[in-house]
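So you can see what is in the structure, the chains are spelled out below.
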Amino acid sequence: MAKTVKTIGVLTSGGDAPGMNAAIRAVVRAAIAKGIKVKGIMRGYAGLLQEEIIDMESTSVSDTINRGGTILYTARCTEFTTAEGQKQGAEICHKHGIDGIVVIGGDGSFRGAGKLSALGVNTIGVPGTIDLDIACTDYTIGFDTAVNTAMDAIDKVRDTSTSHERCSIIEVMGRHAGYIALWCGIANGAEDILLPERYDGNEQMLINRIIDNRKRGKKHNIIINAEGIGHSASMARRIEAATGIETRATILGHMQRGGTPTCKDRVYATIMGAKAVELLADGKSNRVMAYKNGNYVDFDIQEALAMTKDIPEDQYDISKMMSR
Ligand code: ADP
Ligand code: F6P
């Protein structure tokens, strides 16, 4: 018989993502519907260690489903990666009567959640990152908004790039993962997509393609470069020197992490947040919510963290076919 859960905590950790507020709201309201009290833990694990813990009511999350960012704020916390920090975090949970925590974040945040779970605080992870780089799930909260924001911005750059018959390198977020780059590359009809998982650094090939594209009559040449490859400004200078075609670099940066969440982000975040509370209410711990093959499912945290995923080769091939 599972221990009755009386109070749960919710926190957001790592990079923020549009839709995190919808997930917080779902956790708060699903818990209240089950008669469970909710405490908001501010600034991720950093706030936990500082005991920045607030009581949350249904009205605490009014007017938030449509807001980007996270009302609980977020942080990265080195102290929590130590055994001492984790022990302190668990003790603080016990002191505040917190029986379980919903952690909304990425892989790093789930590692922390796993540690808390081992110390007797039931934890459930909800995938929140614009990078789509959590292997156990086909969907992460924030990705849909981020790619739509980036797509709109790239369309605008394309207009001016075409008018001036220039080459444009547009850098999108993704330090280790190229999903935003791949999706924008396909959606924006880019001539080239440079992915951290695939780019071999062969700039001459890139230059040859730009020259060839111009000979074939292409007015612009859009290159989507992932943040993990970076160096967009120096790349633009070298391309201009080698091709004689005016080349500009645009780094989209953190604008991709903000803004009103799309319908998809709000809905998936709401369902995952509510299901995370169901897991806690059922006495479950050390699980991650996921959306896999059309279903909402959950995985053991360590098993989820051991999974790997890569850019789908067929999608990458199709993107290249479309650009020729
Ligand atoms: P994300 O959750 O988006 O992957 P990070 O990798 O920055 O973001 O992780 C967020 C936070 O999770 C870190 O600042 C740290 O507090 C915590 N964390 C990351 N790795 C671990 C770990 N191995 N053990 C405990 N906590 C961790
Ligand atoms: O949250 C994911 C992400 O936006 C990555 O795409 C990016 O590499 C990283 O976070 C940047 O984080 P920050 O600028 O907040 O340190």
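Quick caveat: nothing in here was measured; it's all calculated off a predicted structure. (Residues numbered from 1 in each chain as written. Chains lettered and ligands numbered in written order. Predicted model: local features only at pLDDT ≥ 70, side-chain atom pairs only at ≥ 80, totals over all residues. Heavy atoms only, no water.)

Trainee: Before we go on, may I ask you to explain the pairing of strand β6 (residues 167–172) in this structure?
Mentor: For a regular strand, side-chain orientation follows a simple rule: the groups alternate between the two sheet faces. Burial within β6 is extensive, with six of its six residues counted as buried. Of the two faces of β6, the one holding Cys167, Ile169 and Glu171 and the one holding Ser168, Ile170 and Val172 are both buried throughout. Relative to strand β8 (residues 221–226), β6 runs parallel, the two sharing six bridges. From the neighbouring strand, Glu171 faces β8, where its bridge partner is Asn225. (Buried < 20%, exposed > 50% of the residue type's maximum accessible area, 1.4 Å probe, protein only. Helix = DSSP H or I, 4+ residues; strand = E, 2+ residues; numbered from the N terminus. Pairing = 2+ DSSP bridges.)

Trainee: What is the right way to read the pairing of β8 from this model?
Mentor: For β8, a buried count of six out of six residues is recorded, marking the element as mostly surrounded by other parts of the structure. The alternating pattern of β8 places Asn221, Ile223 and Asn225 on one face and Ile222, Ile224 and Ala226 on the opposite face, and all of these are buried. As paired strands, strand β7 (residues 192–194) and β8 are joined by three bridges and run parallel to one another. Bridge pairing links Leu194 to Asn225 in β8. On the question of chirality, the crossover connecting β7 to the parallel β8 by way of helix α7 (residues 203–215) is right-handed. (Right-handed = clockwise from strand over helix to strand, strands pointing away.)

Trainee: Teacher, can you tell me more about the layout of surface pockets here?
Mentor: Where empty space is left can be seen by rolling a probe of water-molecule size over the atoms. Its boundaries defined by the atoms lining it, the largest pocket holds a volume of some 1000 Å³. As for the largest pocket, its lining consists of 44 residues, and the residues nearest its centre are Gly15, Arg76, Gly106, Asp107 and Gly108. Mapped by element, the contributors of at least two residues to the lining of the largest pocket are α4 (107–118) and α10 (301–306). Here the lining of the largest pocket is built from residues that sort into 14 nonpolar, 17 polar and 13 charged. As for the second largest pocket, its lining consists of 17 residues, and the residues nearest its centre are Asp192, Leu194, Tyr199, Arg209 and Tyr316. (1 Å grid on protein atoms, 1.4 Å probe; cavity = no way out; pocket = protein on both sides within 12 Å on 5 of 7 lines; lining within 4 Å. Points joined across faces, edges and corners; volume = space filled by probe spheres on them. Nonpolar A, V, L, I, M, F, W, Y, C, P; charged D, E, K, R; others polar.)

Trainee: I would appreciate a short explanation of the site of ligand 2 in the present structure.
Mentor: What surrounds ligand 2 is the set Gly15, Arg76, Ile130, Asp131, Met173, Gly174, Arg175, Glu227, His254 and Arg257. Arg175 is positioned with one of its backbone polar atoms (N or O) 3.4 Å from an oxygen atom of ligand 2. In this structure, Arg257 approaches ligand 2 through a side-chain N or O atom, which is 2.9 Å from an oxygen atom. Of the pockets mapped on this structure, ligand 2 occupies the largest pocket. When grouped by side-chain class, the residues that make up the shell around ligand 2 number two nonpolar, three polar and five charged. Two domains each provide a minimum of three residues to the shell around ligand 2, namely domain 1 (7–142 + 261–306) and domain 2 (145–258). (Near = heavy atom within 4 Å. Polar contact = N/O pair within 3.5 Å; in protein donor to acceptor, adjacent residues only side chain to side chain. Sits in = over half its atoms within 2 Å of the grid points. Domains from an automatic or database assignment.)

Trainee: Explain empty space enclosed by the protein here, please?
Mentor: Within this structure, the stated rule accounts for one cavity of 30 Å³ or more. By volume, the largest cavity is sized at about 40 Å³. Around the largest cavity, the lining residues are Cys167, Ile210, Asn213, Arg214, Lys218, His220, Asn221 and Ile245. For the lining of the largest cavity, the element with the highest residue contribution is α7, accounting for three residues. Of the residues contributing to the lining of the largest cavity, the split by class is three nonpolar, three polar and two charged.

Trainee: What is the right way to read the pattern of salt bridges from this model?
Mentor: A side chain with one charge may pair with a side chain of the opposite charge, provided their charged atoms come close. For the structure on display, the rule yields 19 salt bridges. Here Arg248 makes a salt bridge to Glu240, at a shortest N to O gap of 3.9 Å. Among the residues examined, Arg248 registers a relative accessible area of 37% and is labelled partly exposed. Counted as one network, the salt bridges with shared partners bring together Arg166, Glu240, Glu246 and Arg248. (Salt bridge = Lys/Arg side-chain N within 4 Å of Asp/Glu carboxyl O.)

Trainee: I would appreciate a short explanation of the packing of aromatic side chains in the present structure.
Mentor: Aromatic ring pairs: the centre-centre distance and the angle between the two ring planes describe each pair. Tallying each qualifying case throughout the model produces six aromatic pairs. Taking 4.1 Å as the distance between ring centres and 0° as the angle between the ring planes, the aromatic pair formed by Tyr45 and Phe80 counts as stacked. Separated by 35 residues along the polypeptide, Tyr45 in helix α2 (residues 44–49) and Phe80 in the loop between β3 (53–56) and α3 (83–95) bring together distant segments of the chain. The burial state of Tyr45 is the same as that of Phe80; both residues are buried. By way of ring pairs, the aromatic residues Tyr139, Tyr268, Tyr291 and Tyr296 are connected into one cluster. (Phe/Tyr/Trp six-rings, centres within 6.5 Å; stacked < 30°, edge-to-face > 60°.)

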